[in-house]
Amino acid sequence: MEILIEALIALLIIAAGFFGIVGSYGLAKLPDLMTRLHGPTKATTLGIGGVLIASMLSILLAGKGFSSHELLITLFLFLTAPLTANFLAKSFLHRHMKRREGVPEPHSGRSWATFEAPPETNGEEPNSLEAARQHGDDAAAPAQLEAKTPVSTLPNPPAKAKGAKAKAKAPAKAKAKAKAKAKTSAKRASKKAPPKKTAPKKTAPKKS
Amino acid sequence: MITVALWIGFACFAVALVLNLYRLYLGPSIADRVLALDTMVINGIAILILYGIYEGTAVYFEASLLFAMVGFISTVAYCKFMLRGDIIE
């Protein structure tokens, strides 16, 4: 019986090492950040899971009773791995991709939710933001925020201070969107072009 | 049997750490580097737990739990900084 458990532990450790190496190899070899995310977020969590189960079994084998710390770590990692992947993908989308290019279009015909406010809100801010603004502290904050953000791809720039500007921008934005759409469809016609990785923000059509 | 498996596991995760370092050095964008750091934290946790099995103690679980939490929070903070240019607004 003991030798069986030992064999199980050894198998788990080796499988975990294999998964860890596969994840990191994928991280090193895959061509693009969006594909690179797959390696670590899946394989490495599997590797950690294997190691943790092996350690639980080994403590059980040593006769020290059942320990549940490992389950905590496993749970924590399984909860947080998708979150970090989501955050990384989002920041990559906002920093290194032109809007609506290089990402597949959603079925509804709208843009992605991370780029634009959902239609139900009619482009207005959610209540929490409005409440925060009414509490006072920022007449100057929107400008500051705008200056601080690395790319002007905030999904929903704080509206009141520059409502007029936003209004003026709206038709231009629509035009730019149409242009982008035309471009993407043209691209699709000419077979799949590789997704542009580092598109310089200056040439973005929305500046018009 | 377990010791052999443990050494194999150590070797695997060491190679994985080296691959992550390669990506950390090379990574064309900042997001790549953050991802590499996150993966390094996870591989470090694996090595810590393997060492715990090797020593036969349960001391290293607390350390690895702390590692997991700090790694997650630092990754989220990095991403927040990349997105908004600020961490706590």
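Computed from a prediction, not measured in an experiment: that's the story for all the values here.

This paragraph deals with the packing of helix α3 (residues 38–61) of chain A against helix α4 (residues 69–96) of chain A. All names here are of chain A. Relative orientation of the contacting elements α3 and α4 amounts to 175°, with a least axis distance of 10 Å. It follows from the interaxial angle that α3 and α4 lie roughly antiparallel. Here Thr41, Thr45, Ile48, Gly49, Leu52, Ser55, Met56 and Ile59 of α3 come into contact with α4, specifically with Glu70, Leu71, Ile73, Thr74, Leu77, Phe78, Ala81 and Ala85. Each residue belonging to the contact of α3 with α4 can be placed in one class, and the counts come to 10 nonpolar, 5 polar and 1 charged.

A cluster of nonpolar side chains, Met1, Ile3 and Leu4 of chain A together with Met1 of chain B, forms an exposed patch at the surface whose accessible area comes to about 510 Å². Tracing the chain through its elements places Ile3 of chain A in helix α1 (residues 2–29). With relative accessibility at 61%, the residue Ile3 of chain A sits in the exposed group.

Next up on the list: the interface of chain B and chain A. Taken together, the contact pairs 49 residues of chain B with 53 residues of chain A. For the pair chain B and chain A, the summed buried area comes to about 4,400 Å², and 80% of that belongs to carbon and sulfur atoms. Where chain B packs against chain A, one counts 1 salt bridge. Linking Arg36 of chain A and Asp32 of chain B is a salt bridge whose minimum nitrogen-to-oxygen distance equals 2.2 Å.

This part is about helix α2 (residues 30–55) of chain B. In this model, α2 of chain B (26 residues) spans 37 Å end to end at C-alpha, consistent with the 38 Å of a helix rising 1.5 Å per residue. Immediately downstream of α2 of chain B, the backbone of Gly56 of chain B shows phi near 75°, a positive value.

Moving on: the confidence of the model for chain B. All names here are of chain B. In the predicted model, chain B carries a mean pLDDT of 89, and the fraction of residues at 70 or more is 100%. Looking over chain B, one finds the lowest element-wise mean pLDDT in helix α3 (residues 60–84), namely 89, and the highest in helix α1 (residues 2–26), namely 91. Across the predicted assembly, pTM comes out at 0.66 and ipTM at 0.88.

Another point: the packing of α4 of chain A against α3 of chain B. Axis separation between α4 of chain A and α3 of chain B bottoms out at 9 Å; the angle between their running directions is 15°. As the angle between them shows, α4 of chain A and α3 of chain B are arranged roughly parallel. In this structure, α4 of chain A meets α3 of chain B at a crossing whose hand is left-handed. Split into classes, the residues belonging to the contact of α4 of chain A with α3 of chain B amount to 16 nonpolar, 7 polar and 4 charged.

Below, the discussion takes up the nonpolar core. Counting 27 residues, the largest nonpolar core has Ile13 and Ile48 of chain A together with Leu50 of chain B as its most contacted members. Of all the secondary structure elements, the ones that give two or more residues to this core are α1, α3 and α4 of chain A together with α1, α2 and α3 of chain B. Ignoring sequence-local partners within four residues, the contact set of Ile13 of chain A consists of Ala54 of chain A together with Ala5, Leu6, Gly9, Leu50 and Ile53 of chain B. By size, the runner-up hydrophobic cluster in this structure holds 13 residues, among which are Leu37, Ala85 and Leu88 of chain A together with Ala36 of chain B.

Residues and elements named next belong to chain A. Chain-level statistics for chain A give a pLDDT mean of 68 and a share of 47% at 70 or above. The element-level mean pLDDT for chain A is lowest in helix α6 (residues 141–148), coming to 46, with α1 highest at 90. Below a pLDDT of 50 lies the segment residues 137–154, which in the model reaches 31 contacts outside its immediate sequence neighbourhood of four places, other chains included. In this model residues 186–208 is a low-confidence stretch, pLDDT under 50, and it forms 27 contacts with partners more than four residues away in sequence or in other chains.

Thresholds, definitions, all that
- Residues numbered from 1 in each chain as written.
- Chains lettered and ligands numbered in written order.
- Predicted model: local features only at pLDDT ≥ 70, side-chain atom pairs only at ≥ 80, totals over all residues.
- Heavy atoms only, no water.
- Axes fitted to C-alpha atoms, helices over the stretch in contact; angles between N-to-C directions.
- Helix = DSSP H or I, 4+ residues; strand = E, 2+ residues; numbered from the N terminus.
- Parallel < 35°, antiparallel > 145°, perpendicular 65-115°, else oblique.
- Contact = heavy atoms within 4.5 Å.
- Nonpolar A, V, L, I, M, F, W, Y, C, P; charged D, E, K, R; others polar.
- Patch = residues over 30% accessible without salt bridge, like charges linked within 9 Å, V, L, I, M, F, W, Y side chains within 5 Å.
- Areas by Shrake-Rupley, 256 points an atom, 1.4 Å probe, with all protein chains shown as cover.
- Salt bridge = Lys/Arg side-chain N within 4 Å of Asp/Glu carboxyl O.
- Buried < 20%, exposed > 50% of the residue type's maximum accessible area, 1.4 Å probe, protein only.
- Buried area = accessible area lost by both parts, 1.4 Å probe.
- Expected span 1.5 Å × (residues − 1).
- pLDDT = per-residue confidence, 0-100.
- Left-handed = near helix turned anticlockwise from the far one by under 90°.
- Core = buried A, V, L, I, M, F, W, Y, C linked by side-chain atoms within 4.5 Å.

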